[in-house]
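Descriptive structure summary
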Amino acid sequence: MADYDLILEGGTVATASDTFDADVGIRGGRIAALGTKLGSAARTIDARGMLVLPGGVDAHCHIEQESSTLLMTADDYYSGSVSAAFGGTTTFVPFAAQHKGQSLRDVVRVAHERAGPKSVIDYAFHLIVSDPSEQVMGQELPALIMDGYTSFKVYMTYEKLKIDDAQMLDVLTLAREYGAMTMVHAENNDVINWISERLLSRGYTAPKYHAISHNPIAESEASRRAIDLARLIDAPLLIVHVSTPEAAASILEARNRGLKVYGETCPQYLFLTADDLDKEGMEGAKFCCSPPPRDKAAQEAIWLGLKNGTFQVFSSDHAPYRFDETGKLNAGPNPTFKKIANGVPGLEVRLPLLFSEGVGTGRLTLNEFVALTSTNAAKLYGLHPRKGTIAVGADADIAVWDPTWKRTITHSLLHDNVDYTPYEGREVTGWPRLVLSRGRVLVEGETLHAERGSGKFLDRVPVPPKDPAATLNTPLDPAANFGARLL
Ligand code: URP
Ligand code: ZN
Ligand code: ZN
């Protein structure tokens, strides 16, 4: 019998901290050895000239999920996971989204029914909590956290999803007590509505007004407020899809004060601008997402934030809607900017875009790239060290990455179920040649090997503070005492 099921031979392994030449021996779906002359293997793959990277962990994507207006995404768990795999992502964490009045337990059951038979990559779920009722806060959410659903998103905007500040404080208090992570969509709903009403009443309805109505101040104000609410409770908080320099600065400042505040950004804030929403006719609808892409100066600030530790996580926020009546144009062929389905696709191109424009230009090191696209998300969401690294004992989730592979992104190259890509025509260098999930070959070149439903649900464990009072930021922030007394 061979020593290993598979050996990847002669590649350069990169983790979030180190880069070294080593063969990777895989047995029973896990990494069993790193070194040279490892022994015999049922299969050996030549990885010379390749980077051997931990598979990507996409911690923000909307898959087979109804939006706040109950519009279904274009990708289900099959097309979404296949698309992820072709781009080097081997774990994703989509949302089990509660709409007002729904039981969270039911929402989680439905998410499992959707993902289980279809996903080809491993997955967990974040919850979306839009209705923190007594039943949800008193029973369902604590029980779900203890069952391993240890992260959830709340919204400060979207009429049908948003919670108010008092509800946010309740959610943060519960998250702190039970050891969960709160993610927040931070935009000021009233500011957006106030601007939108003025624009619409003057007849300004085109897609470009989406970016104008979602003013950067709506985001920076809500981000600061969310940070302050988390500070009051001394609860961890992760601000998702950050697009503005000011919001980024608030996150960095909070962490420099010792707060457990984290940041996520996404490809659309590095590669798109508000000008993309100003394309001919309804074309701009393809680029409408919330928060919207900003300007070139904001792009530079977001790049800086990836480098200077503002952002821990680079996710896709893949929110796939086709450019037709099932998606972007579900309200008719000429909807006002308020009625365009929000979101852009990006699951498959997340790693190639950041590698090409980040590592390829010297803006990021290879290790920073790995941290941002894989390791940090695995750590923050309780999946590390099983996921997000190349180490003995970790799952053999690996992207064998060709750093010289030049490709032009076009819609036909990609495997999602959207009929366009916002990155059409963009040239990138670097793409995975081979993708492994728990040692199984998922993708080899242009060929998919994985079977529907072969991805596994990932159990997570909450990490409540051992002594809640002892973890407070009292020396830094007397206000946190107030949070402690309320617990
Ligand atoms: O526009 C976006 N990002 N749509 C997806 C929903 C969300 O808020 O992340
Ligand atoms: Zn959001
Ligand atoms: Zn999202």
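Residues numbered from 1 in each chain as written. Chains lettered and ligands numbered in written order. Predicted model: local features only at pLDDT ≥ 70, side-chain atom pairs only at ≥ 80, totals over all residues. Heavy atoms only, no water.

**Things to note about the overall build of the chain**
Each helix and strand in the chain was counted, giving 13 helices and 20 strands. Reported as C-alpha extents along the three principal axes, the dimensions of the chain are approximately 70 × 60 × 40 Å. Burial statistics for the chain: of 487 residues in total, 59% are counted as buried. Taking the intrachain contacts of the chain between residues at least 6 apart in sequence as the baseline, contacts between residues at least 24 apart amount to 77%. (Helix = DSSP H or I, 4+ residues; strand = E, 2+ residues; numbered from the N terminus. Buried < 20%, exposed > 50% of the residue type's maximum accessible area, 1.4 Å probe, protein only. Contact = heavy atoms within 4.5 Å.)

**A look at the coordination of the zinc ion (ligand 2)**
Donor atoms from the polypeptide that coordinate the zinc ion (ligand 2) comprise Lys 153 (NZ), His 185 (ND1) and His 241 (NE2), at 2.1 to 2.2 Å from the metal. Sequence spacing of the donors to the zinc ion (ligand 2): K-x31-H-x55-H. The zinc ion (ligand 3) is placed at 3.9 Å from the zinc ion (ligand 2). Linking Lys 153 in strand S12 (residues 151-155) with His 185 in strand S13 (residues 181-185), this pair joins segments that are 32 residues apart in sequence. His 185 shares its class with Lys 153; the two are buried. (Donors = N, O, S within 2.8 Å, 3.2 Å for Na, K, Ca; no water.)

**Details of the coordination of the zinc ion (ligand 3)**
The zinc ion (ligand 3) binds to the protein through His 60 (NE2), His 62 (NE2) and Asp 317 (OD); the donor distances cover 2.0 to 2.1 Å. Here the zinc ion (ligand 3) binds four donor atoms, and the angle range of 89 to 128° at the metal identifies the geometry as tetrahedral. If you list the donors of the zinc ion (ligand 3) from N- to C-terminus, the spacing comes out as H-x1-H-x254-D. In this structure His 60 comes out as buried when scored by relative accessible area, which is 0%. Exposure remark for His 62: the relative accessible area of 8% places this residue in the buried category. (Tetrahedral: all angles 85-135°; square planar, octahedral: opposite > 155°, others 65-115°.)

**Looking at helix H4 (residues 165-178)**
A rise of 1.5 Å per residue sets the reference length of H4, with its 14 residues, at 20 Å; its end C-alpha atoms lie 20 Å apart and thus fit the reference within 8%. All of the buried residues along H4 are Met 168, Val 171, Leu 172, Thr 173, Leu 174, Ala 175 and Arg 176. Regarding H4, its N-cap is Asp 164, as a side-chain oxygen of that residue lies 3.2 Å from the backbone nitrogen of Ala 166 further along. Downstream of H4 by a residue or two, Gly 179 has a phi angle that is positive, lying close to 85°. (Expected span 1.5 Å × (residues − 1). Polar contact = N/O pair within 3.5 Å; in protein donor to acceptor, adjacent residues only side chain to side chain.)

**A few points about the environment of Thr 12**
Looking at where Thr 12 falls in the secondary structure, it is placed in strand S2 (residues 12-14). According to the relative accessible area criterion, Thr 12 is partly exposed, its value standing at 22%. Considered as a pair, Thr 12 and Met 50 are 38 residues apart in the sequence and their alpha carbons are 6.3 Å apart. Dropping the residues within four chain positions of it, Thr 12 is found in contact with Thr 19, Phe 20, Asp 21, Met 50, Leu 51 and Val 52.

**Describing the state of the cysteines**
Evaluated as defined, the whole model comprises zero disulfides. Of the cysteine sulfurs around Cys 266, a residue in no disulfide, the closest is that of Cys 289, at 8.2 Å. Left without a disulfide partner, Cys 289 is nearest to the cysteine sulfur of Cys 288, which lies 7.7 Å away. Owing to a relative accessible area of 2%, Cys 289 belongs among the buried residues under this scheme. (Disulfide = S-S within 2.5 Å.)

**Considering the pattern of salt bridges**
Think of it this way: side chains of opposite charge can pair up when their charged atoms draw near. In total, this model carries 29 salt bridges according to the counting rule given. With a closest N to O distance of 2.7 Å, Lys 118 and Glu 64 form a salt bridge. Taken together, the residues span a long stretch of sequence, with Lys 118 in the loop between helix H2 (104-115) and strand S10 (122-123) and Glu 64 in the loop between strand S8 (56-61) and helix H1 (77-86) at a distance of 54 residues. In this structure, Lys 279 engages Asp 276 in a salt bridge whose closest nitrogen and oxygen atoms are separated by 3.0 Å. (Salt bridge = Lys/Arg side-chain N within 4 Å of Asp/Glu carboxyl O.)

**Considering the domain arrangement of the chain**
Per the domain assignment, the segments of the chain are domain 1 (4-54 + 389-448) and domain 2 (56-380). The gap between the C-alpha centroids of domain 1 and domain 2 is 27 Å. Every contact between the two is made by 43 residues of domain 1 and, on the other side, 47 residues of domain 2. Per-residue buried area on domain 1 facing domain 2 is highest for His 415, Tyr 420 and Tyr 423; these three make up 20% of the total on that side. For the interface between domain 1 and domain 2, the tally reads one salt bridge. We note a salt bridge from Arg 438 to Asp 122, for which the minimum N-O separation is 2.7 Å. Taken together, domain 1 and domain 2 are joined by 15 residue pairs in polar contact (both at pLDDT 80 or more). With nine residues, the top contributor of residues to the side of domain 1 that touches domain 2 is strand S18 (residues 427-437). Residues of the side of domain 1 that touches domain 2, tallied by class, amount to 23 nonpolar, 10 polar and 10 charged. (Domains from an automatic or database assignment. Buried area = accessible area lost by both parts, 1.4 Å probe. Nonpolar A, V, L, I, M, F, W, Y, C, P; charged D, E, K, R; others polar.)

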